[in-house]
Amino acid sequence: MTILLLAGSGEAKEIATGLAALNLPAIASLAGATRAPKQLDIPTRVGGFGGADGFRDYLAEAGIHAVIDATHPYASRITDRTATICAEIGLPYLHVLRAPWIAQAGDNWTEIACEEDAAALIPKGSTVFLGTGRQTLDRFSGLAGCRVICRQIDPPSAAFPFEGGEFLIGRPPFPVAREKLLYAQLGIDWIIVKNAGGDASATKLTAARELGIPVLMIARPASPKAMRVDNAADALIWAQAL
Ligand SMILES: NC(=O)c1ccc[n+]([C@@H]2O[C@H](COP(=O)([O-])OP(=O)(O)OC[C@H]3O[C@@H](n4cnc5c(N)ncnc54)[C@H](OP(=O)(O)O)[C@@H]3O)[C@@H](O)[C@H]2O)c1
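Residues numbered from 1 in each chain as written. Predicted model: local features only at pLDDT ≥ 70, side-chain atom pairs only at ≥ 80, totals over all residues.

Close to the ligand lie 24 residues; Ala31, Gly48, His72, Ala75 and Arg77 are nearest. Listed by contribution, the elements that provide at least two residues to the shell around the ligand are β2 (26-30), α2 (51-61) and α3 (76-89). (Near = placed C-beta within 6 Å. Helix = DSSP H or I, 4+ residues; strand = E, 2+ residues; numbered from the N terminus.)

Shown next, in the form of structure tokens:
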């Protein structure tokens, strides 16, 4: 029995450690978006499978008996496709999706359906901090006319896709005090984030609350109809019961 762990989240790292400790045969898969990702405690393959057919072939060739999908909450293409294929071929599938952040007293959040909706809400000339990563950057091109600062882990491999944008390189963790200092130094007027959930990256929201900076929160994609847990410990219980 070999479990395929679709990785890319903090939970995936914990699950990999747990699978190794439990001696459950497993292989992890990373999309390859981060150039020097943190190593996982189980054998790891890197890169896309080559579409749905490539994924089906991989499952058969690698002798996969179950899939734990612990990709990022916004990685909806891989999640939807994997849930569908596993259902089609009768492979046990578990979606690990951490709980979203919930606004609390002092937060000034506006939920938007997609990246493109940000431009209508942010006045031209504003300084905007993008905590969304670079993958969907071009979808913010309506913000041209603002100063847009996009934080990402790796140095950029291409120019910023629209005028007024700049990259800021930073690898987490980002403690609240440092976030506050950074936002104050940059003169941030707006912050745009995805509702990733979890404590590690909530520091930007705490900093925004304490500084009174408004936040645009991009809504989560819909989740497939599938077995779901919201933490690594429950995923390991599921894996042990296979
Ligand atoms: N830390 C973060 O903030 C973070 C991290 C990851 C993603 N995200 C967000 O999630 C969204 C999409 O991310 P995404 O491109 O990873 O997912 P995606 O759009 O769902 O997947 C796109 C393709 O990437 C490949 N892929 C994704 N995850 C994989 C994995 N674990 N192993 C092997 N291949 C994988 C697959 O390629 P094939 O079709 O070739 O198999 C898949 O079709 C973006 O909005 C991004 O900003 C954020």
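Turning to helix α5 (residues 203-211), a few remarks are in order. Since there are 3.6 residues in each turn of an α-helix, residues three or four apart along the chain are aligned in direction. For α5, the full list of buried residues reads Lys204, Leu205, Ala207 and Ala208. Viewed end-on, α5 has its buried residues packed into an arc of 160°, placing them on one side of the element. Among the structural elements, α4 (176-186), β10 (190-194) and β11 (215-218) are those in contact with the buried residues of α5. Phi turns positive one or two residues past the end of α5, at Gly212, with a value near 70°. (Buried ≥ 20, exposed ≤ 12 C-beta atoms within 10 Å, placed from the backbone. Arc of directions from axis to C-beta. Contact = placed C-beta atoms within 7 Å.)

Glancing now at the sheet that holds strand β8 (residues 147-152). With parallel pairing, the 6 strands of this open sheet are ordered in space as β6-β11-β10-β7-β8-β9. The sheet is open, and its two borders are formed by β6 (109-112) and β9 (165-169), each paired with just one other strand. For this sheet, the mean inter-axis angle between neighbouring strands, taken without regard to orientation, is 25°. As defined by bridge partners, β10 adjoins β11 across 4 bridges and the pair is classed as parallel. Paired with Val193 across the bridge in β11 is Met217. (Pairing = 2+ DSSP bridges. Axes fitted to C-alpha atoms, helices over the stretch in contact; angles between N-to-C directions.)

Another aspect to go through is the packing of helix α1 (residues 10-21) against helix α6 (residues 232-240). In contact at an axis separation of 9 Å, α1 and α6 are set at 40° when each is read in the N-to-C sense. Taken together, the axis directions place α1 and α6 in an arrangement best described as oblique. As for how α1 packs across α6, the hand of that crossing is right-handed. Contacts from Glu11, Glu14, Ile15, Gly18 and Leu19 in α1 reach Ala232, Ala235, Leu236 and Ala239 in α6. When its residues are assigned to classes, the contact of α1 with α6 shows 6 nonpolar, 1 polar and 2 charged. (Parallel < 35°, antiparallel > 145°, perpendicular 65-115°, else oblique. Left-handed = near helix turned anticlockwise from the far one by under 90°. Nonpolar A, V, L, I, M, F, W, Y, C, P; charged D, E, K, R; others polar.)

Further remarks concern the packing of α4 against α5. Between α4 and α5, the least distance of the axes is 8 Å, while the angle of their chain directions is 55°. Judged on the interaxial angle alone, α5 and α4 are oblique. Every pair of crossing elements has a handedness; the one defined by α4 and α5 is right-handed. Across from Val176, Glu179, Lys180, Tyr183 and Ala184 in α4, the residues of α5 making contact are Thr203, Lys204, Thr206, Ala207, Glu210 and Leu211. Looking at side-chain class alone, the contact of α4 with α5 contains 5 nonpolar, 2 polar and 4 charged residues.

Let's shift gears to the nonpolar core. By size, the foremost hydrophobic cluster in this structure holds 26 residues, and its most contacted members are Leu5, Ile15, Ile68, Ala70 and Ala235. Going through the elements one at a time, β1 (2-6), α1, β2, β4 (64-69), α3, β5 (93-96) and α6 are the ones with two or more residues in this core. Look past the residues within four positions of Leu5 in its chain and what remains in contact with it is Ala12, Ile15, Ala16, Leu19, Ala26, Ala28, Ser29, Ile42, Ile68 and Ala70. Listed in part, the 23 residues of the second largest apolar core include Ile122, Phe129, Val148 and Ile192. (Core = buried A, V, L, I, M, F, W, Y, C linked by C-beta atoms within 7 Å.)

Right, let's get into the sheet that holds β1. If you walk across this open sheet you meet the 6 strands as β3-β2-β1-β4-β5-β12, and the pairing is parallel. Each edge of the open sheet carries a strand with a single partner, namely β3 (44-46) and β12 (227-229). Put simply, the sheet's adjacent strands are angled 25° from each other on average, direction ignored. In the sheet, β1 pairs with β4 via 5 bridges, with the strands oriented parallel. Counterpart to Leu5 in the pairing with β4 is Ile68. Contacts between α3 and the sheet are confined to β1, β4 and β5, with β5 contributing the most and set at about 160° to the helix.

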